[in-house]
Amino acid sequence: MITREVNEWMRKVEQGCYSYDTAMEEFKRLSKYLTREEVKQVLSKLKNAL
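Note that this is a predicted model, so its numbers are computed, not measured.

Q: An account of the overall build of the protein is requested, with residue identities and associated values reported.
A: If you tally the helices and strands in the protein, you get 3 helices and 0 strands. Across the protein, helices and strands are ordered from the amino to the carboxyl terminus as α-α-α. What you see for the protein is a C-alpha radius of gyration of 10 Å, in line with the 10 Å of a compact globule of 50 residues. Over its C-alpha atoms, taken along the principal directions, the protein stretches across nearly 25 × 20 × 15 Å. Burial statistics for the protein: of 50 residues in total, 26% are counted as buried. Considering only contacts within the protein whose residues lie at least 6 apart along the sequence, 59% involve residues at least 24 apart.

Q: Provide a residue-level description of the environment of Thr-3, including the pertinent values.
A: By secondary structure assignment, the location of Thr-3 is in the segment before helix 1 (4-15). A relative accessible area of 26% places Thr-3 in the partly exposed class. A C-alpha to C-alpha distance of 8.4 Å links Thr-3 and Tyr-33, two positions 30 residues apart in sequence.

Q: Tell me what's going on with helix 3 (residues 36-49), and back it up with residues and numbers.
A: In this model helix 3 runs 20 Å from its N-terminal to its C-terminal C-alpha over 14 residues, within 8% of the 20 Å that 1.5 Å per residue would give. Of the surrounding secondary structure, the elements contacted by the buried residues of helix 3 are helix 1 and helix 2 (20-31).

Q: Could you give an account of the nonpolar core, naming the residues involved and the relevant values?
A: Listed in full, the 12 residues of the largest apolar core are Ile-2, Val-6, Trp-9, Met-10, Val-13, Ala-23, Phe-27, Leu-30, Leu-34, Val-39, Val-42 and Leu-46. Mapped onto this core, the elements with two or more residues apiece are helix 1, helix 2 and helix 3. Ignoring sequence-local partners within four residues, the contact set of Trp-9 consists of Tyr-18, Ala-23, Glu-26, Phe-27, Leu-30, Val-42 and Leu-46.

Q: Now, about the environment of Met-24: what can you tell me, with residues and values included?
A: Residue placement: Met-24 occurs in helix 2. Given a relative accessible area of 23%, Met-24 falls into the partly exposed group. Distance from Met-24 to Leu-46, taken between C-alpha atoms, is 9.6 Å for residues 22 residues apart in sequence.

Cut-offs and rules
- The residue count restarts for each chain, going from 1 along the sequence in the order it is written.
- In keeping with the model being predicted, local features are shown solely for residues with a pLDDT of at least 70 and side-chain atom pairs are shown and tallied solely at 80 or more, while totals for entire chains, interfaces and linings include all residues.
- Side-chain descriptors were evaluated using all non-hydrogen atoms of the structure, hydrogens and water having been removed beforehand.
- Only DSSP runs of H or I reaching four residues or more are called helices, and only runs of E reaching two or more are called strands; each is numbered from the N terminus.
- Only the C-alpha atoms count toward the radius of gyration. The rule for a globule is 2.2 Å times the residue count to the power 0.38.
- Throughout, exposure labels follow a simple rule: accessible area from a 1.4 Å probe, protein chains only, divided by the maximum for the residue type, with under 20% read as buried, over 50% as exposed, and the rest as partly exposed.
- We call two residues contacting when some pair of their heavy atoms lies within 4.5 Å.
- To estimate the expected span of a helix, count its residues, drop one, and scale the result by 1.5 Å.
- By nonpolar core we mean a set of buried residues, namely Ala, Val, Leu, Ile, Met, Phe, Trp, Tyr and Cys, connected to one another through side-chain atoms within 4.5 Å.

Quick look at the structure:
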């Protein structure tokens, strides 16, 4: 299940609050709590946002 922290992070990425490098660092930190399918889902959203 995608956590509240991941949802907040995605919202901030979509709003442009993070640079690409900062967004990837945060994703690296958060991804260890996600399943493989959730990582794929988040990455597809990330491609659209960045």
